Each structure stands twice: as structure tokens, then as C-alpha cells.
Amino acid sequence: MLNPLLREIQEDVMGFLNEIQLKYPEAITFASGRPSELFFDVQDFPEYFNLFIDYLCDKEKKDKQAVLNSLGQYNRAKGIINDLVVDYFKKDEDISADPESVIMTVGTQEAMVISVMTLCDKANDVVIVEDPSYIGITHFSILAGYQVEAVPVDEFGISPDILEQKILYFQKLEKSVKIVYIIPDFQNPSGITMPVERREALLALADKYGFFILEDNAYGEFSYQGNKPATLKAMDTNKRVIYLRSFSKTIYPSLRLGAIVADQLINDRGSVVRLSDLMAKVKGYITVNTSSISQAVFGGILIKNNFSLKNLNQSKIDDLKEKRNQLLASLNEYIQQSENKWAKSISWNIPEGGFFLKINVPFKVDKDEIIRCVEKYKVIITPMSFFYLGKGGENEIRLAFSNVSKEEIITGVKRLSLYFQSKFDQ
Ligand SMILES: Cc1ncc(COP(=O)(O)O)c(C=O)c1O
């Protein structure tokens, strides 16, 4: 007897894409949204770790062995580098938070799980996600038995009008929308950035209907223009935003490090408590605590960089921008400028940051098409339909350009244009 809800989630999208990449190693892949390994400084791990040890010896007036022992031991569920992380949030992201309102998590994936499990009542609440969205939260929520509903995304992000209609619809059914999960910056999968006006509209709705916005800022620091809108959390005067921050792309994914800023006070059966305390309690039953060793490394990185990672990230941003520009140039050269009539029916957006670009095509792209495309044209793409809750995205493709070289982008787009051509020759 397995969890029957396993059948409710779409197929194992990540597993499918990973397998296809392993099966066709010669193919160029635009499927993987992994950060570029060129910037992983895993070899500097001991330097950062030792820097943090020295900092802790000094701060806690303890000898080195005692500090090392404490890092080997079980630790605080909320985390051990919260004071350093709030300095970083203040400096780089203009977010003011008290260390006690921060929870260090095992990536954003755990942050999403903690948020849903702390805030939502399965019987009476609905989790709302953007459509399309990152499936980490959608699939977890479905598997755990929460009701998940999607609100469409247009070129500016989630539609506030449709969101309001959904909230009112669920109110009639005596269900409440407690959480709305949003990726406002360089969204995965569509690459869209939400403009300021839309952010304001969303915050106003959260005030009006009393829901929390779960803001997932996995890509916000990778802005190509340097003038992206403020995060929802930085604009959050009424504490409607719970901020989820992954460090997988900032540093590297194997640290498995993320953070939640939950600075809300909650009325829990007559007493007022910190939401972050409730979340830490829930975390205690999921992962006990986040690896102190990973936190120590990140703490050392923050100390070394004086609590700003802007310089450290600049080369990553430059690299991503060059790749985005190459991708646009190649799409233009091999598709837009092509003599073929079909080319005019294909379009794409221009991401202003992040890892992803979306292409619209006048034919259906599904799993079988991906296999045909890789077998014949040696290029791997992701159907957008993988990221929709129900139907949707059948005519859309996601290209991830974070972990391919410029040469691969050129060859990959040439191959993609041959695949497109074949669709019109049929
Ligand atoms: C929008 C978004 N949120 C969260 C994650 C997962 O982040 P983490 O590695 O911190 O769990 C990803 C990973 O690709 C993502 O794209």
C-alpha cells in the first residue's frame, strides 16, 4: 500500500530530464537549470570553515575544540548563523530582520515544506501557486494532501484579478487561501520579472484578504541590468510576506542551504507567538536542524566578504548575461532571420535576469517530442507543460542557459532550428 497521492502528481519530471541527459551524453542540453560549475569554489571550503571557527571562538569566548565539538553536535533548529545572515540581508537586499525571525533551512525545498506545514490546515485551506510554477512546492503539497490551486501568469507575473476571483470563490466554499507562492524575479520556468505595480497590487490583495505571500527569491540576485524592482519582502510594510531565500545558486547547491524570514506574530489559540518559533518547531520534526557544517562554511563566506556577496556574484551575473545575449543572438540568427516562413510563428521572451527563457511555438511539445528532438537533433529542451498544475503550456518550451557554454548555445540553437523546421515539413 503506497501513498495514493503519488498518482496525483504528474510524472517525475526531474527524473525524466536527468535520465534523458544520461542516455544522450552527446546532446546539448537546455533542460538543466543547474548553476554553472565554473563558479563553485568547493576547494575553499576549509578556509571559510576555519574563518567561522575563529569568529565563533572570539564571539563565544570558547576554545577551538569546544567550538568544533559544538559544530559536530545537534544544534539549534532555527540555525547558528542567523545574526550573520541578517547583516547580509540588510546589506544586499534591503531587508531588515531580527535574527530570531530567521530560520536556516535545508535549501528552499525545506523552507517551502515548513511554510506549508506550519500555516495550512489540510481540511480548510488552499495553497495557491503561479501557473506555471516551480514544482517543488506544488508536488510536495499534493503528496502531503494539501489542496493546491493555480492562478495563471501573464507577461507580468501572477494575475491579481484572477487571484482575487479565486479567493472569493474559495470563500464561498468556506475554504481560505492562506498561502500564495510567488517567484517575482526571473521566474522559474518562464523567466518573467514582476513589475513594481504588480508587486504593489499583490501586497494590497494580501492585506485585503489576509493571506501570506511566500516569496521565493532563488534568482533575484542575478539581474543583468542591475536595477530590478525591490523584493516583495523589502516592500512589505504590513508583514504579509514570508521570504524564502535559496543559497544554492548564490554559493552551490550541495551546501543545501536556504533561509526563511518569517517576522510575523501569530495568534495561536489565544496566545501571540512568533511565526518563526512555530516554524522552528515544525522543522525540528522534518530535519532536526540544518547542517552546522554547511552553515559554518556559509558563515565564513559572509565574514570573508564583509556581508555583501555582490562582488562575489558579479562574475556569475556577467557569465549569465553573456549567455542570455548569445542565446538571443543565436535565436535571432537561426530562427528570426531565417528565410523560412515558419520562423515568423515562433517567438520568445527576453529575460532580464536569471537562468530561463520561454519560447512559444505553433505546435504541441510533449515528452514524446522531447525524445524525438534529442534522438534526431541531439538537443534537449523542456516542455513548459511540465510546470503547469493542470493543462497549459502545450505550445511552450523552457530553455535553461545557466549551465551551457556559449559554443553549446550556438550549436544547440542551430539544432533547435532544424527540429523546428522538421515540424513544418511534416
Ligand atoms: C524557484 C526555485 N525555488 C527553489 C528551488 C530549490 O532550491 P534549493 O536548492 O534551495 O532547495 C529551485 C531550484 O531550482 C527553484 O528554481
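Values in this document were obtained by computation on a predicted structure and should not be read as measured data.

Basis of the calculations
Residues numbered from 1 in each chain as written. Predicted model: local features only at pLDDT ≥ 70, side-chain atom pairs only at ≥ 80, totals over all residues. Heavy atoms only, no water. Core = buried A, V, L, I, M, F, W, Y, C linked by side-chain atoms within 4.5 Å. Buried < 20%, exposed > 50% of the residue type's maximum accessible area, 1.4 Å probe, protein only. Helix = DSSP H or I, 4+ residues; strand = E, 2+ residues; numbered from the N terminus. Domains from an automatic or database assignment. Contact = heavy atoms within 4.5 Å. Pairing = 2+ DSSP bridges. Near = heavy atom within 4 Å. Polar contact = N/O pair within 3.5 Å; in protein donor to acceptor, adjacent residues only side chain to side chain. Areas by Shrake-Rupley, 256 points an atom, 1.4 Å probe, with all protein chains shown as cover. Buried area = accessible area lost by both parts, 1.4 Å probe. Salt bridge = Lys/Arg side-chain N within 4 Å of Asp/Glu carboxyl O. Nonpolar A, V, L, I, M, F, W, Y, C, P; charged D, E, K, R; others polar. Axes fitted to C-alpha atoms, helices over the stretch in contact; angles between N-to-C directions.

S.K.: If you had to explain the nonpolar core to someone new, which residues and values would you point to?
M.R.: Ranked by size, the top nonpolar core spans 53 residues in total, and within it Ile359 and Phe420 carry the most contacts. Going through the elements one at a time, helix 1 (13–23), helix 11 (310–336), strand 13 (356–360), helix 12 (367–377), strand 14 (379–380), strand 16 (396–400) and helix 13 (406–425) are the ones with two or more residues in this core. For this core, the domains that each give at least three residues are domain 1 (4–39 + 313–425) and domain 2 (44–304). Not counting residues up to four positions away in its chain, the partners in contact with isoleucine 359 are Leu331, Ile346, Ser347, Trp348, Asn395, Glu396, Ile397, Leu399, Leu416 and Phe420. If you look at the next biggest cluster of nonpolar residues, it comprises 34 residues, including Ile80, Ile81, Ala97 and Phe247.

S.K.: Account for the sheet that holds strand 15 (residues 382–383), with residues named and values stated.
M.R.: Within a sheet, neighbouring strands are paired by backbone hydrogen bonds and run either parallel or antiparallel to one another. If you walk across this open sheet you meet the four strands as 12-13-16-15, and the pairing is antiparallel. Looking at which strands have only one partner, the edges of the open sheet turn out to be strand 12 (347–348) and strand 15. As defined by bridge partners, strand 12 adjoins strand 13 across two bridges and the pair is classed as antiparallel. By the bridge assignment for strand 13, tryptophan 348 is matched with isoleucine 359.

S.K.: Break down the environment of isoleucine 213 for me, with residues and values.
M.R.: Positionally, isoleucine 213 belongs in strand 7 (residues 212–216). We classify isoleucine 213 as buried; its relative accessible area is 0%.

S.K.: Talk me through the site of the ligand; I want residue IDs and the actual numbers.
M.R.: As a structural note, the neighbourhood of the ligand is formed by 14 residues, with Thr108, Asp216, Tyr219, Ser246 and Ser248 the closest of them. The separation between an oxygen atom of the ligand and a polar main-chain atom of glutamine 109 is 3.0 Å. Contact distances for the ligand include 2.6 Å between an oxygen atom and a side-chain N or O atom of serine 246. Here the ligand loses 91% of its free accessible area of 390 Å² to cover by the protein chains. With three residues, the single largest contributor to the shell around the ligand is helix 5 (residues 107–119).

S.K.: So what's going on with the domain arrangement of the protein? Residues and values would help.
M.R.: How big an interface is tends to be expressed through the accessible area that disappears when the partners come together. Segmenting the protein into domains produces domain 1 (4–39 + 313–425) and domain 2 (44–304). Each of domain 1 and domain 2 was reduced to a C-alpha centroid, and the two centroids are 28 Å apart. Here domain 1 and domain 2 share an interface that buries about 2700 Å² over both sides, 66% of which is from carbon and sulfur atoms. The interface formed by domain 1 and domain 2 holds zero salt bridges in total. Linking domain 1 with domain 2 are 10 residue pairs in polar contact (both at pLDDT 80 or more). Per-element tally for the side of domain 1 that touches domain 2: the top contributor is helix 11, with six residues. Looking at the side of domain 1 that touches domain 2 residue by residue, the class counts come to 17 nonpolar, six polar and nine charged.

S.K.: Explain the pattern of salt bridges residue by residue, including any values.
M.R.: Here the structure, examined in full by the defined rule, presents 26 salt bridges. Residue arginine 269 pairs with aspartate 268 through a salt bridge whose shortest N-O separation is 3.3 Å. The class of arginine 269 is exposed, set by a relative accessible area of 75%. The exposure class of aspartate 268 is partly exposed, given its relative accessible area of 24%. One network of salt bridges, in which partners are shared, links Arg76, Lys78, Glu100 and Asp277.

S.K.: Got a sec to walk through the sheet that holds strand 7? Specific residues and values, please.
M.R.: Read across the sheet, eight strands follow the order 2-9-8-7-6-3-4-5 without closing on themselves; strand pairing throughout is mixed. Since the sheet does not close on itself, it has two edges, and those belong to strand 2 (102–105) and strand 5 (157–158), each with one partner. Across four bridges, strand 8 (residues 241–246) lies against strand 9 (residues 258–261) in antiparallel orientation. Along strand 9, the bridge assignment pairs serine 246 with glycine 258. The sheet strands contacting helix 5 are strand 2, strand 3 (125–131), strand 6 (176–182), strand 7, strand 8 and strand 9, and the helix crosses strand 8 at an angle near 155 degrees.

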